Amino acid sequence: MMEVRAKKALGQHFLTDQKVARAIVDALVIPSEASVSPFPVLEVGPGMGVLTQYLLEREDIDLKLIEIDSESVEYLLTHFAGMQGRLMEGDFLTLKLEKLFPGQFAIIGNFPYNISSQIFFKVLDYKDQIPQVVGMVQKEVAERIAEKPGSKTYGILSVLLQAWYDIEYLFTVGSGCFAPPPKVESAVIRLKRNGRESLGCDEALFKTVVKTAFGQRRKMMRNPLKPLAAAKAAREGWSEEQLADFLAQDVFTLRPERLSVEDFVALTNLLA
Ligand code: SAH
């Protein structure tokens, strides 16, 4: 097989620029205090292995790969040695990561853009096992994730990821570096787990509050958060008037894009 035919439905845009590929692999930094050596790393969507070739050169990495496309899997098996036992054919989104990795592991990939948000939501589910992610995504998605409060693109993923990770926008990659070229620019970001062990609020409710608040992002939060406030009123046995007073607090007049992680923690405690 010469090469893999690019399939749009799988988000296949193969990186052809070797310098960029090396820079992405170099961006993954295994912490010196890592408990295991070599450190387990999962590459998501290796495709034809442009990142894989450099990852395999690194002695500080114990590489595993997950690829959904059987044609790519076949290509990798024939072009790279040592793929047996490392390369899995399947869907990253349904992969039982705890079965694959008993402890910590990092994630790297030139992610399929159609599922990049879902990949990051999955990272959040395993945040205590994943100290670092290096990923290429659509430039807009990279900006959104790295954005600080107050910006128009600051959203659900920004808050949820920034709660647990320090996020660096590393560099932009033009569409000419891919075959076939995507319609949008790309960017590489790095997420490093911050030191936080708990948020200081109910974490499930925090997720709900963030998602609900951004449900109507151009409105004061009073509107989208009313049902959550009403649920609290019911639990507490408040009168209509008490509920109205509660919702009259300043924080509910803000738009969600104004709130930092700490503000959302405080808001979650208010609604608990
Ligand atoms: N890393 C390669 C390919 C990037 S394109 C490169 O840089 O050139 C994205 C890759 O992700 C494709 O190979 C595609 O088949 C794979 N992919 C798409 N959805 C996937 C999923 N759900 N799980 C695992 N791999 C997936």
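Numbering of residues starts from 1 in each chain and follows the order in which that chain's sequence is written. This being a predicted model, a pLDDT of at least 70 is required before a residue's local features are given, and a value of 80 or more before pairs of side-chain atoms are given or counted; all residues contribute to the totals for chains, interfaces and linings. Heavy atoms from the whole structure form the basis of all side-chain values; hydrogens and water molecules are not counted.

Turning to the site of the ligand, a few remarks are in order. The criterion for a residue being near a molecule or strand is simple. One of its heavy atoms has to lie within 4 Å of it. Residues in close proximity to the ligand total 21 residues, the closest being Leu-15, Gly-45, Glu-67, Asp-91 and Asn-110. We define a polar contact as two N or O atoms separated by no more than 3.5 Å, with the added condition that, inside protein, one atom must be a possible hydrogen donor and the other a possible acceptor, whereas residues neighbouring each other in sequence contribute only through side-chain atom pairs. At 3.4 Å, a backbone N or O of Pro-46 approaches a nitrogen atom of the ligand. Between the ligand and the protein, one listed contact pairs a nitrogen atom with a side-chain N or O atom of Asp-91 at 2.7 Å. Residues are called lining when one of their atoms sits within 4 Å of a cavity or pocket point, these points coming from a 1 Å grid over the protein atoms alone, where a cavity is a set in which a 1.4 Å probe fits but cannot get out and a pocket is an open set with protein on both sides within 12 Å along at least five of seven lines. Any molecule with more than half of its atoms within 2 Å of a cavity's or pocket's grid points is counted as sitting in it. Given that more than half its atoms are within 2 Å of the pocket grid, the ligand belongs to the largest pocket. Broken down by secondary-structure element, the contributors of at least two residues to the shell around the ligand are strand 1 (14-15) and strand 3 (61-67). In terms of residue class, the shell around the ligand is made up of ten nonpolar, seven polar and four charged. The helix and strand labels rest on DSSP assignments: H or I over at least four residues marks a helix, E over at least two residues marks a strand, and numbering proceeds from the N terminus. Classification used: nonpolar for Ala, Val, Leu, Ile, Met, Phe, Trp, Tyr, Cys and Pro, charged for Asp, Glu, Lys and Arg, polar for all others including Gly.

Start and end positions for the domains come from either an automated domain assignment or a database one. For the chain, the assigned domains read domain 1 (8-193) and domain 2 (203-271). Each of domain 1 and domain 2 has a C-alpha centre, and the two are 34 Å apart. In this analysis, two residues are considered to be in contact whenever any of their non-hydrogen atoms come within 4.5 Å of each other. Listed by partner, the interface residues are 16 residues for domain 1 and 15 residues for domain 2. In this description, buried area is defined as the sum, over both parts, of the accessible area (probe of 1.4 Å) that is lost when the two are combined. Summing both partners gives a buried area of about 1,100 Å² for domain 1 against domain 2, and 69% of it is carried by carbon and sulfur. Any carboxyl oxygen of Asp or Glu within 4 Å of a side-chain nitrogen of Lys or Arg constitutes a salt bridge here. At the surface where domain 1 touches domain 2, the tally comes to two salt bridges. We note a salt bridge from Glu-203 to Lys-127, for which the minimum N-O separation is 3.7 Å. Linking domain 1 to domain 2 there are four residue pairs in polar contact (both at pLDDT 80 or more). At the level of elements, helix 5 (116-125) and helix 7 (156-164) are the ones that each hand at least two residues to the side of domain 1 that touches domain 2. With six residues, the single largest contributor to the side of domain 1 that touches domain 2 is helix 7. Split into classes, the residues belonging to the side of domain 1 that touches domain 2 amount to eight nonpolar, five polar and three charged.

A separate point is the nonpolar core. Nonpolar core, defined: a set of buried Ala, Val, Leu, Ile, Met, Phe, Trp, Tyr and Cys residues in which side-chain atoms within 4.5 Å join the residues together. Burial classes follow relative accessibility: with a 1.4 Å probe on protein chains only, a residue under 20% of its type's maximum area counts as buried, one over 50% as exposed, and anything between as partly exposed. Grouped together as the largest cluster of nonpolar side chains are 58 residues, with contacts concentrated most on Ile-107, Phe-120, Phe-206 and Phe-264. Counting 31 residues, the second-largest nonpolar core is a separate cluster that includes Ile-24, Leu-28, Val-50 and Ile-108.

The next point concerns the environment of Arg-218. Take Arg-218: it is sitting in the loop between helix 8 (203-213) and helix 9 (222-236). Residues within four places of Arg-218 in sequence aside, it is in contact with Lys-152, Arg-255 and Glu-257. Of the polar contacts made by the side chain of Arg-218, one reaches the side chain of Glu-257; its length is 3.1 Å.

Right, let's talk about the pairing of strand 6 (residues 132-138) for a bit. Most of strand 6 sits out of view: six of its seven residues are buried. Summarising the sheet, strand 5 (residues 106-110) and strand 6 pair through four bridges and their orientation is parallel. Residue pairing for strand 6: Ile-107 is matched across the bridge by Val-133. Once you follow strand 5 into helix 5 and on to strand 6, the crossover reads as right-handed. Between any two strands, at least two bridges found by DSSP are needed for them to pair. Direction of pairing for strand 6 relative to strand 9 (residues 186-193): antiparallel, over a ladder of seven bridges. We call a crossover right-handed when, viewed with the strands running away from us, the connection from the first strand over the helix to the second turns clockwise.

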